[in-house]
Amino acid sequence: MDGSVAYLVTAVGCLVGVAGVVIAVVALARQRRRTVPPAPGDPFRDTDADALRGDPRKLKPGDIVEIRQVSYAVRGSVHLVEGAWSWAEHLLDDAGGAKRWLSVEEDPDLELVLWNAEPGVTVTPGAPTLDFAGRRYSWEESGQARYSATGTTGLDPTGTVRYHDYRAQGGARLAFEAYGDAGWEVAVGEPLHRSEVMVYPQAGPDKVG
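Notes on the structure in this doc start here. Worth saying up front: this structure is predicted, and the values here are computed from it rather than measured. (Residues numbered from 1 in each chain as written. Predicted model: local features only at pLDDT ≥ 70, side-chain atom pairs only at ≥ 80, totals over all residues. Heavy atoms only, no water.)

### A short note on the environment of Glu-140
Structurally, Glu-140 can be placed in strand E7 (residues 135–151). C-alpha separation for the pair Glu-140 and Tyr-166, spaced 26 residues apart in sequence, amounts to 5.0 Å. Residues in contact with Glu-140, not counting those within four places in the same chain, are Asp-165, Tyr-166 and Arg-167. (Helix = DSSP H or I, 4+ residues; strand = E, 2+ residues; numbered from the N terminus. Contact = heavy atoms within 4.5 Å.)

### Brief notes about the side chain of Ser-103
Looking at the element boundaries, Ser-103 is found in strand E4 (residues 99–106). Only 2.9 Å separates the side chain of Ser-103 from the side chain of Trp-115, close enough to count as a polar contact. Contact partners of Ser-103, with chain neighbours within four places excluded, come to Ala-88, Glu-89, Glu-111, Leu-112, Val-113 and Trp-115. (Polar contact = N/O pair within 3.5 Å; in protein donor to acceptor, adjacent residues only side chain to side chain.)

### Points about unusual backbone geometry
Pro-108 follows Asp-107 through a cis peptide bond whose omega is -10°. Along the chain, the position of Pro-108 falls in the loop between E4 and strand E5 (110–117). A positive phi angle, near 50°, is found at Ala-133, a position not held by glycine. Following the sequence through the fold, Ala-133 ends up in the loop between strand E6 (129–132) and E7. Under the relative-accessibility criterion, Ala-133 is labelled exposed at 71%. (Buried < 20%, exposed > 50% of the residue type's maximum accessible area, 1.4 Å probe, protein only.)

### A few points about the packing of aromatic side chains
Summed over all chains, the structure comprises 4 aromatic pairs. Centroid distance Tyr-147 to Tyr-179: 5.2 Å. Interplanar angle 80°. Geometry classified as edge-to-face. Placement of Tyr-147 in strand E7 and of Tyr-179 in strand E9 (residues 173–179) is noted, with a sequence separation of 32 residues between them. Each member of the pair Tyr-147 and Tyr-179 is classed as buried. Ring centres of Tyr-166 and Phe-176 lie 5.9 Å apart, and the angle between their planes is 70°; on these two criteria the pair is classed as edge-to-face. With Tyr-166 in strand E8 (residues 158–168) and Phe-176 in strand E9, this residue pair connects regions lying 10 residues apart in the sequence. (Phe/Tyr/Trp six-rings, centres within 6.5 Å; stacked < 30°, edge-to-face > 60°.)

### Concerning the nonpolar core
Counting 13 residues, the largest nonpolar core has Val-65, Ile-67, Leu-92, Leu-102, Leu-192 and Val-197 as the members making the most contacts within it. Secondary-structure elements contributing two or more residues to this core are strand E1 (64–67), strand E2 (70–82), E4, E5 and strand E11 (197–200). The contact partners of Leu-192, leaving out residues within four places of it in the chain, are Ile-67, Arg-68, Leu-102, Leu-112, Leu-114 and Val-197. Counting residues in hydrophobic clusters, the runner-up holds 10 residues, among them Leu-130, Tyr-137, Ala-168 and Leu-174. (Core = buried A, V, L, I, M, F, W, Y, C linked by side-chain atoms within 4.5 Å.)

See the structure below:
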């Protein structure tokens, strides 16, 4: 009888010890989860402007964007990725049917550029400087990115694009893009101030809250 009692006491003690270890491990794991630092964010991001004027980073087909008091519908969007870098280009259509592109990029600050296509231009990229429409542009960057397109863009749903970007004094842009095996498309861009752009998200699953 005494041996049985001693055995039971020992067994209970072992169970209590094991339970204590399990509780300690679970508590430590929970504590670690609570103390995982949040993902880094941009401490200088203008969240007030996003709240008041809408967030251009979240533009999607069907949204309305007002630029310098002219309203455009977003017909389609192209999202581009090159390595760790990504940006977006949105096809805009105004009430008169005029089409323009709005590029949205963080470099690291938010950069908005309104583009006009220049069809029929024979100038080609590659030189360190290019003269076009009375301005001299200097080469800035070039590369190749993968893209995915949604809405109406005139592009395949996915593919690759080559690009050359030039910049003039005062910030004017000159861009060359070649999607897939197509030839170069040329566009002239004008940088926009954040206050010149107002976003009106439309109803849908990706609606900005």
